[in-house]
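Each chain is listed here by its residues.
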Amino acid sequence: MMLRSVLASKLPQISRLSLRFRASQYSAAASIPAPNTQPEVHFNKIFINNEWHDAVSKKTFPTVNPSTAEVICQVAEGDKADVDKAVKAAKQAFRLGSPWRRMDASHRGLLLNRLADLIERDSAYLATLETLDNGKPYTISYSVDLPLVVKCLRYYAGWADKNHGKTIPIDGDYFCYTRHEPVGVCGQIIPWNFPLLMQAWKLGPALATGNTVVMKVAEQTPLTALYVASLIKEAGFPEGVVNIVPGYGHTAGAAISSHMDIDKVAFTGSTEVGQLIQQAASRNLKKVTLELGGKSPNIILSDANLEDAVEQAHFALFFNQGQCCCAGSRTYVQEDVYNEFVERSVERAKKRVVGDPFSLQTEQGPQVDEDQFKKVLGYISAGKRDGAKLMCGGGVAADRGYFIQPTIFGEVKDNMTIAREEIFGPVMQILKFKTLEEVIERGNDTQYGLAAAVFTRDIDKAHYISAALRAGTVWINCYDVFGAQAPFGGYKASGNGRELGEYSLENYTEVKTVTIKVPQKNS
C-alpha cells in the first residue's frame with residue numbers, strides 16, 4: 001500500500017497535498033472518526049507468556065505526551081532480568097514439539113490475519129493512543145499508519161505457508177532437498193517514530209516463518225505496542241510466542257543484543273546504536289539486521305514538473321515532523337530552477353499547519369520528546385552558525401510541548417553540519433547543482449545510503465541517476481512510496497538486510513540441506 005496514496009484517498013481535507021493517485025484502490029476508505037483526545041491506557045506492564053508482569057525491579061518510567069510535556073502514565077521498566085524471563089518464555093515456546101512448532105504453517109497465517117482483523121477493529125482507539133504518546137497528527141495515525149500495519153500483517157499471513165525449500169538433483173543415488181526453518185528466538189528493538197508500523201514490520205516476517213519474539217519497544221512510545229500485545233493474546237497465539245518488554249536501550253536493549261539464547265536480533269534506529277548492537281551480537285554470532293539512519297538526496301532536475309516537485313520535496317522532508325529515517329533531507333536543485341524552487345518551497349512551508357495533533361486540520365505535531373526538540377533546535381543554530389541562509393522558521397512554534405516551526409535553509413554547502421548529519425526534524429536544506437555527474441558524486445558523498453529520489457521528465461536521466469546512486473531505495477517522481485511487498489533497507493552505514501517483501505523472510509530462516517541415500521535414482 002502506498003503511503004502517498006493513502007493520504008490522497010483518506011485525507012480529502014488536506015487538499016493542498018495536490019496528489020494524484022488511483023482513488024479506486026481505496027474506495028473502501030471510511031471517513032475519519034472523531035478522536036477521543038483522552039484515551040484510557042489499558043496496559044502499561046511487561047508482556048511475557050501472554051500475561052502481564054511488573055518489572056522484576058518494580059521500577060517504572062514515565063511516558064510523556066509531547067504536545068503538553070505532561071506525563072501520561074507510568075510504565076513498567078524492563079531490564080536484563082525481565083529480558084531473561086522473556087527469553088526463557090520464548091525459548092520454551094520454540095521447543096521441539098511445542099504447540100507453536102507443531103502448528104500448521106497455514107494456521108500461523110490464520111493467526112496473523114486474526115491479529116490484523118483485531119487491529120483493524122480497534123484502529124480508532126490505537127490511532128488516538130499513538131497520537132497521544134507520539135505526537136503525530138491523528139489523521140496520519142488513523143489514515144496512514146494503521147492501514148499500513150494491517151496491510152503488512154496480512155501480507156505476511158499469506159507468506160506463512162509459501163516459504164518452502166527445493167528438491168535438488170545432486171549426482172549419485174541420493175535424494176536431496178532443503179528446508180526453510182525458523183531461526184529460533186528473535187530479539188527485536190523498535191523505534192519511536194512509527195511505533196505501530198515498525199512493530200508490524202518486525203512481527204510479520206518473524207511469526208510467518210515460525211520464530212518466537214522478544215521485543216523491546218521504545219521508552220518514548222510504549223503504549224500502542226503493549227495494547228497490540230493484548231490483541232496477540234486475543235488472536236490465539238500460544239504463550240511465549242511474542243513477549244514485549246518496555247525499557248531503556250542501555251539496559252533492556254543491551255540485554256537483548258548480547259543475550260546468548262537469542263538467535264537473531266533486528267533493530268531500527270540510529271547508526272550509532274546499530275553499531276553497538278552489531279558488536280554485542282557478535283558474542284554468539286547471532287544473525288543481525290539493521291535499518292539505520294539516512295541523509296537521503298532528493299534531486300530536482302530543471303526539466304521536472306516544478307509544482308509537483310516542490311510539493312513532493314516538502315512531503316519528503318516534513319512528513320512525520322521530519323522524523324523519518326529516509327527523509328529527503330538533502331534537496332539538490334539544478335541551478336536553472338533553484339531560485340524559483342526555493343521561493344515556492346518557502347511559501348509552502350509557511351502554509352504548513354502546526355498545532356494540536358488531534359485537530360483534523362493539523363499537518364505537523366510536536367517532536368517526540370524534549371531531547372529531540374533540543375537536538376533539532378541545536379541543528380538549526382548550527383545551520384545559522386555555518387553560514388546557511390535561514391529562509392523561514394527556525395524557532396519554537398508553541399508555548400508548551402515540543403513544537404518547532406517548519407524551517408528551510410538555502411545556500412547550503414555540502415560541508416555544513418546540517419548537510420552531513422541526520423537532523424530528524426522539520427528542517428529542510430536546499431543545495432544547488434549544475435550537472436548530473438556533479439550531483440551524483442555529491443549525492444553519494446555520505447556515510448549513509450538508505451534512500452534517494454530524482455524528479456525529471458527525462459526517463460533516460462531518471463534511470464541513469466537511479467542506477468548511479470548508492471541507496472537501498474530510489475524513488476522517481478515520487479517520495480515515501482511504501483508497500484509491504486517491496487523491500488526496504490540501506491547501503492553503507494544505513495544498515496544491512498532488508499525489511500518487507502519476500503526478501504525479509506531470508507532474515508528469519510535458516511536453510512537446511514537434507515540428503516538421503518536411495519537404492520536407485522531415476523530422472
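Rules and cut-offs
Residues numbered from 1 in each chain as written. Predicted model: local features only at pLDDT ≥ 70, side-chain atom pairs only at ≥ 80, totals over all residues. Heavy atoms only, no water. Salt bridge = Lys/Arg side-chain N within 4 Å of Asp/Glu carboxyl O. Buried < 20%, exposed > 50% of the residue type's maximum accessible area, 1.4 Å probe, protein only. Helix = DSSP H or I, 4+ residues; strand = E, 2+ residues; numbered from the N terminus. pLDDT = per-residue confidence, 0-100. Contact = heavy atoms within 4.5 Å. Pairing = 2+ DSSP bridges. Axes fitted to C-alpha atoms, helices over the stretch in contact; angles between N-to-C directions. Core = buried A, V, L, I, M, F, W, Y, C linked by side-chain atoms within 4.5 Å. Right-handed = clockwise from strand over helix to strand, strands pointing away. 1 Å grid on protein atoms, 1.4 Å probe; cavity = no way out; pocket = protein on both sides within 12 Å on 5 of 7 lines; lining within 4 Å. Points joined across faces, edges and corners; volume = space filled by probe spheres on them.

Draft legend 1. Expanded view of the pattern of salt bridges. Following the criterion strictly, the structure yields 23 salt bridges and no others. Two residues, lysine 45 and aspartate 54, come together in a salt bridge whose shortest N-O distance is 3.5 Å. Under the relative-accessibility criterion, lysine 45 is labelled partly exposed at 33%. You can call aspartate 54 partly exposed: its relative accessible area is 38%. Between glutamate 347 and lysine 351 there is a salt bridge, and its shortest N-O distance comes to 3.5 Å. Linking glutamate 347 with lysine 351, this pair stays in helix α12 (residues 338-351), spanning four residues, or about one helical turn. A cluster of three or more residues bridged by salt bridges with shared partners is formed by Glu311, Arg348, Arg352 and Glu363.

Draft legend 2. Structural detail: the confidence of the model for the chain. When the pLDDT values of the chain are averaged, the result is 94; 94% of them are 70 or greater. Across residues 8-30 the pLDDT falls below 50, and counting only partners more than four positions away or on other chains, this stretch makes 36 contacts in the model.

Draft legend 3. Region of interest: the sheet that holds strand β6 (residues 174-182). Ordered by their spatial adjacency, three strands build an open sheet running β5-β6-β20, and the pairing between neighbours is antiparallel. Each of the sheet's edge strands pairs with one partner strand only, and the pair in question is β5 (167-168) and β20 (509-517).

Draft legend 4. Molecular detail of the sheet that holds strand β18 (residues 473-476). Read from one edge of the open sheet, seven strands run β14-β15-β16-β13-β12-β17-β18, paired in mixed fashion. Two strands close off the open sheet at either side, each with one partner strand: β14 (389-392) and β18. The average angle at which neighbouring strand axes cross in this sheet is 25°, direction not considered. Here four bridges tie strand β13 (residues 330-334) to strand β16 (residues 427-433), and the two strands are oriented parallel to one another. Bridge pairing links glutamine 334 to phenylalanine 433 in β16. Of the strands in this sheet, β14, β15 (407-410) and β16 touch helix α13 (residues 370-386), which is tilted by about 25° from β15. Helix α16 (residues 459-468) rests against β12 (297-300), β17 (451-455) and β18 of the sheet, and its axis sits at about 165° to β18.

Draft legend 5. Focus on the nonpolar core. Leu115, Ile119, Leu207, Phe237 and Phe341 are the most contacted members of the largest nonpolar core, which totals 107 residues. It is helix α6 (residues 138-159) that provides the largest number of residues to this core, a total of 14 residues. Setting aside residues up to four positions removed in sequence, leucine 207 forms contacts with Trp100, Arg108, Leu112, Val213, Phe237, Val241 and Val242. Listed in part, the 27 residues of the second largest apolar core include Leu301, Val376, Val412 and Ala452.

Draft legend 6. Highlighting the pairing of β18. Here β18 shows a clear split, with Thr473 and Trp475 buried on one side and none of Val474 and Ile476 buried on the other. One ladder, built from four bridges, connects β17 with β18; its direction is parallel. Paired with alanine 451 across the bridge in β18 is threonine 473. On the question of chirality, the crossover connecting β17 to the parallel β18 by way of α16 is right-handed.

Draft legend 7. Broad picture of the pairing of strand β9 (residues 242-246). Most of β9 is tucked away, with five of its five residues classed as buried. Neither face of β9 is left uncovered, since the one carrying Val242, Ile244 and Pro246 and the one carrying Asn243 and Val245 both have all their residues buried. Direction of pairing for strand β8 (residues 212-217) relative to β9: parallel, over a ladder of five bridges. From the neighbouring strand, valine 214 faces β9, where its bridge partner is asparagine 243. One crossover worth recording links β8 to the parallel β9 by way of helix α8 (residues 223-235), and it is right-handed.

Draft legend 8. Region of interest: the layout of surface pockets. Space inside the largest pocket adds up to approximately 1100 Å³. Surrounding the largest pocket, 47 residues form its lining, Trp192, Glu219, Gln220, Val273 and Gln372 being those nearest its centre. Elements with a contribution of two residues or more to the lining of the largest pocket: β3 (60-65), α9 (249-258), β10 (264-268), α10 (271-281) and α13. With six residues, α10 is the single largest residue contributor to the lining of the largest pocket.

Draft legend 9. How the structure looks around unusual backbone geometry. Phi at asparagine 49 takes a positive value of approximately 55°, unusual for a residue other than glycine. With respect to the helices, strands and loops of the structure, asparagine 49 is situated in the loop between β1 (46-48) and β2 (51-53). Notably, asparagine 50 is not glycine yet its phi reads approximately 65°, a positive angle. Exposure remark for asparagine 50: the relative accessible area of 7% places this residue in the buried category.

Draft legend 10. Up close: the side chain of threonine 221. Topologically, threonine 221 is positioned in the loop between β8 and α8. Non-local contacts of threonine 221, meaning those with residues more than four positions away in its chain, are made with Asp133, Asn134, Pro191, Trp192, Pro195 and Val368.

Draft legend 11. A look at helix α15 (residues 436-444). Among all positions in α15, only Leu436, Val439, Ile440, Arg442 and Gly443 are buried. Of the surrounding elements, those touching the buried residues of α15 are β12, β13, β16 and α16.

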